[in-house]
Amino acid sequence: MSRRRTLLLAVLTLLASLLVVPALAVAGTSVTVYYKPTAAWTTVNIHYAPNGGAWTAVPGVPMAAACTGWYSRTIDLGSANGLQVTFNNGAGTWDNNAGRNYALGTGDVTVTGGVAGTGNPCGGQPTPTTPPPAGNTATVFYSTAGRTWPVVNIHYAPNGEAWTAVPGVAMNEVACAGWVKKTVALGAATGMQAVFNNGSGTWDNNNGANYRIAAGTSRVAGGVVTGGATDPCAAVPPDTTPPSVPGGVTATADHVTVTLSWAASTDDRGVTGYQLTRNPGAVQLTTATNGYIDGGLAPRTSYSYTVKAVDAAGNLSGASSTVTVTTGDAPPLPAGGSMLGGDPRKESIYFVLTARFYDGDTSNDRGGSQHVKSGNAANNDPMFRGDFKGLVDKLDYIKALGFSAVWITPVVLNRSDYDYHGYHGWDFFRVDPRLESPGASYQDLINSAHAKGLKIYQDVVYNHSSRWGAKGLYVPTVWGARDGQWDWMYSEKVPGKVYNPLDENSLGRAYNGDLWSTTAPAGNTCPNYGQTNGTFSPEGYANHHCQWPSPTAKMFPASLYHQCWIGNWEGEDARSCWLHDDLADFNTENPVVQQYLIDAYNSYIDMGVDGFRVDTAVHIPRVTWNRRFLPALQQRLTQKYGATKAQDFYVFGEVAAFVNDKWNRGSVNHSAQFYTWKERRTYVADDVQAALDQFNYENQLGTANQPTSTNAFLNGNAYHAPDHSQFSGMNIIDMRMHMNFGDAANAFNNGKDSDDSVNDATYNAVYVDSHDYGPNKSTTRYAGGTDAWAENMDLMWTFRGVPVLYYGSEVEFQAGKQIDCGPTCPLANTGRAYFGSYVEGSVVASGYGTVASASGPVATTLSKPLVQHVQRLNQIRRAVPALQMGQYSTAGITGGIAYKRRYTAGSVDSFVLVAISSTATFTGIPNGTYTDAVTGDVQTVANGTLTATVTAKGAMRAYVLSLPGNPAPGKVGTAGPYLR
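Residues numbered from 1 in each chain as written. Predicted model: local features only at pLDDT ≥ 70, side-chain atom pairs only at ≥ 80, totals over all residues. Heavy atoms only, no water.

Right, let's get into helix H12 (residues 786-798). When the terminal C-alpha atoms of H12 are compared, their 18 Å separation across 13 residues agrees well with the 18 Å that a helix rising 1.5 Å per residue should span. With 11 of 13 residues buried, H12 lies mostly within the body of the structure. (Helix = DSSP H or I, 4+ residues; strand = E, 2+ residues; numbered from the N terminus. Expected span 1.5 Å × (residues − 1). Buried < 20%, exposed > 50% of the residue type's maximum accessible area, 1.4 Å probe, protein only.)

Structure below.
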């Protein structure tokens, strides 16, 4: 007991000593601390806090050997006039001065034997600097354009260390008009987080996201960090020298695609790209590299090309010699399958994470390298568990719920430590074998779904690949070594062996001998390849430069991948930098990248998928979508199906605006509805410049000057032909309703408020929660209760848009559970848990929302109240065209959630009045006979007024007007727990 008490007192004494916080003082000071330990320490750390500032992270920062017995460290104190200090040996032994911090001043100071003094104990030798690793300083230029700040401070924290005392340090180094400058010592860190202020309470804190600044020289302007920047104040003579003329131009034709290459040009300041002229037509093409793939040309046609090089100043070289090539026949389309077709608004969508839905084949289950760490192993729950065979086996369950379309997570071959979700694509042309089985390939799933009248909507990613690149485009070679420390990480190299995620070693790792090298590969651009970087893995092994792909390590060519982190989520860099270290950001403005993705996703169109859900669509400029990817989709679809049926392919993009207002913090470029529109001006041919020009042009126009639409709204009681002439080709997930689905009324009112800014909101995909977030950016699955779920579903199934239900919500599966925690907790505890136990057994659907037979646990699931509710809603929606494709109005209606809808096309004329959860009165409506599809109640209207009586949350009335040739369907389905 006495020994533990002594230890406790020592710890408390140390903690108390670390809490001493003296007062603030003047700016612009520094101190060089000399320390001589009384014991034979091989490592000396200084743990300190400037007066009024925060302490460094334990154990502090290293000191460098100065002269015999002495160690030193120079510290920038900013506005403080001294600091509090303790010392340690990095292994738990401290000199904390018998429980008291050393209180030191400025200039040269000494500490030894418990005594603090002043001066340089090394005999007047120059003060040594602590030798940090490469990149131990960050020089930051901050643009003052648009600001009238008399002072600019930088408030920063080197990675792993504490923040400076508020308001930071003055940016007082010599710069030039429009810029201020500060050089920050980073110590062992290779970067920092920073914000800026005027010293009087006004901050540029980047909309709540700290700026992430790497070592070296960076510029911060307009919310964007530019790393590896040049000094904006350096006088640069004008560049008038053009690049050399490109030579050795070659062109080869493969069917209707021409591949060009040429020798790279040279320039006194660097070539930035090339301009190609294609004839006939004098078509201008651009590329950042000395190669170009020109696809989609006319068959059996002669084309000629010339190439010019361009530099940053816009100087053009002379034209290359002309090369001529003749295309062949258009390639035959693969056999594949054929999409079902039909207006996508007729569908309701069931969204599944394939790997977590149902396990039809245990032989392809894989836990991966995080199986034990995540806790999945303890639950016998491998991350890759569900598969296509499981989906095929349970298509009748999905149809029995009443759904007619299935949205599945990405199918491409993934490569990362935790990739069951599918968003870490590595080989975009190959389906992940962990999802397929004999007799249950992806093509088999598509064919099986179509045979049951179910569409397949494939999740696709254009924005990024895995951190290991994309096979067929670029795969980085990282540093690696089987050196005794890292043998567990790196597979022994086997000539000819390739990555196969089904082939795991005892640690759950697939072969990666194709990725690493102990020496830098040819053409390496990653600095300090293989040198230790001063950090350590969780296991205590030394990390090395170029060991892990990242945007700033220059391991990817800038022509194919972007090389920055997002600093401002509402800035231009949100469209041209990395989201996360596992998501390598494609340079989607490069034609080579564009063609790679176009060709990859054309292969799935050829298989007969019915639509694409586009992941992270907001992180690609709209002008790139509108000029490259969306036209390419339509070109392939038209080639396969003809122009009319091609329009039935449903594209709905994730433009993740996690705010509750109409426009995403006022940034039109980051708002979902923005992506539904074509461009309204012409931009330069170069896609990089066009993206910048479009961003600035639209942001300057602002929210008040964006196009509007009446496509979702009735004209009185009349349906009008929608105007889709300015439709981009991309529909959207309704992020505003999603964010406001804390309650149905809130979602309804917010949805109405946004609909005039969407090209046609009747095509919006509408959901409450998903595999990412719940309403209000909640990280948990929706837990509002069964009545609230019923009310939400009433709205989703009868209001404009296409209803989407995340798997298991029909039984409130995992309600309130954290949706995603990565490998830090078992999947069984999350909103991505395995659903198989609910659908074990047998089920045969006799129609959409009807069951012929069911046995086992799935029969119990089908008896649940929300299951019955969604079945009935699907039946009613399918029986009333206005609920699928109609425009709507709330004019002349009193009540809560209530609206009228109409759809008129050809011989179809459908008009319905909907009231949810409370009574509503409709005035100014057409006279005639109305029948409620829920109860069968009939009302004859002679004075333009109808009252729909609803007295319970989740209850609903849907009065359908009988019109010539379009009789009301009467009561649809049987009474359930809410619709009765």
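Strand order in the open sheet formed by 5 strands is E4-E5-E1-E9-E10, and the pairing between neighbours is mixed. Two strands in the sheet have a free side with no partner beyond their single neighbour: strand E4 (64-67) and strand E10 (115-118). Within this sheet the neighbouring strands show an average axis-to-axis angle of 35°, counted without direction. Two elements, strand E1 (residues 29-36) and strand E9 (residues 107-112), share 6 bridges in a ladder whose sense is parallel. From the neighbouring strand, tyrosine 34 faces E9, where its bridge partner is threonine 110. (Pairing = 2+ DSSP bridges. Axes fitted to C-alpha atoms, helices over the stretch in contact; angles between N-to-C directions.)

According to the stated counting rule, one finds 5 disulfides in the structure shown. Between the sulfur atoms of cysteine 564 and its disulfide mate cysteine 577 the distance is 1.9 Å. Residues cysteine 564 and cysteine 577 are joined by a disulfide whose S-S torsion is about -90°; by sign, that bridge is left-handed. In this pair, cysteine 564 is assigned in the loop between strand E36 (542-544) and strand E37 (583-585) and cysteine 577 in the loop between E36 and E37, connecting sequence segments 13 residues apart. Using a relative accessible area of 2% as the deciding quantity, one classes cysteine 577 as buried. (Disulfide = S-S within 2.5 Å.)

The next point concerns the packing of aromatic side chains. Under the criterion given, the structure shown has 61 aromatic pairs. Plain terms: the ring middles of tyrosine 350 and phenylalanine 403 are 5.2 Å apart, the flat faces sit at 50° to each other, and that makes the pair tilted. With tyrosine 350 in strand E27 (residues 349-352) and phenylalanine 403 in the loop between helix H4 (395-401) and strand E28 (405-408), this residue pair connects regions lying 53 residues apart in the sequence. One exposure class covers both tyrosine 350 and phenylalanine 403, and it is buried. Between phenylalanine 403 and tryptophan 797, the ring centres sit 6.0 Å apart and the planes meet at 65°, which makes this aromatic pair edge-to-face. Of the two residues, phenylalanine 403 is situated in the loop between H4 and E28 and tryptophan 797 in helix H12; the sequence distance between them amounts to 394 residues. Per residue, the accessibility class of phenylalanine 403 equals that of tryptophan 797, and both read buried. A cation over a ring is seen here: arginine 385 above tyrosine 834, with NZ or CZ 3.7 Å from the ring centre. The ring centre of tryptophan 468 lies 5.8 Å from the NZ or CZ of arginine 467, which sits over that ring. (Phe/Tyr/Trp six-rings, centres within 6.5 Å; stacked < 30°, edge-to-face > 60°. Lys NZ or Arg CZ within 6 Å of the ring centre and 35° of its normal.)

Mapping proline 969 onto the fold places it in the segment after strand E53 (956-961). By relative accessible area, proline 969 is classed as partly exposed at 36%. In this structure the C-alpha to C-alpha distance between proline 969 and isoleucine 876, which are 93 residues apart in sequence, comes to 9.0 Å.

Read across the open sheet, the 8 strands follow the order E40-E39-E38-E31-E28-E27-E42-E41; overall the sheet is parallel. This sheet does not close on itself; its edge strands, each paired only once, are strand E40 (731-732) and strand E41 (765-766). Pairing of E28 with strand E31 (residues 455-461), which is carried by 4 bridges, proceeds in the parallel orientation. Paired with isoleucine 408 across the two strands is glutamine 458, which belongs to E31. The sheet contacts of helix H6 (residues 591-607) involve E31 and strand E38 (611-615), and relative to E31 the element is tilted by about 165°. On the sheet, H12 packs against E41 and strand E42 (802-806) and is oriented at approximately 145° with respect to E42. (Contact = heavy atoms within 4.5 Å.)

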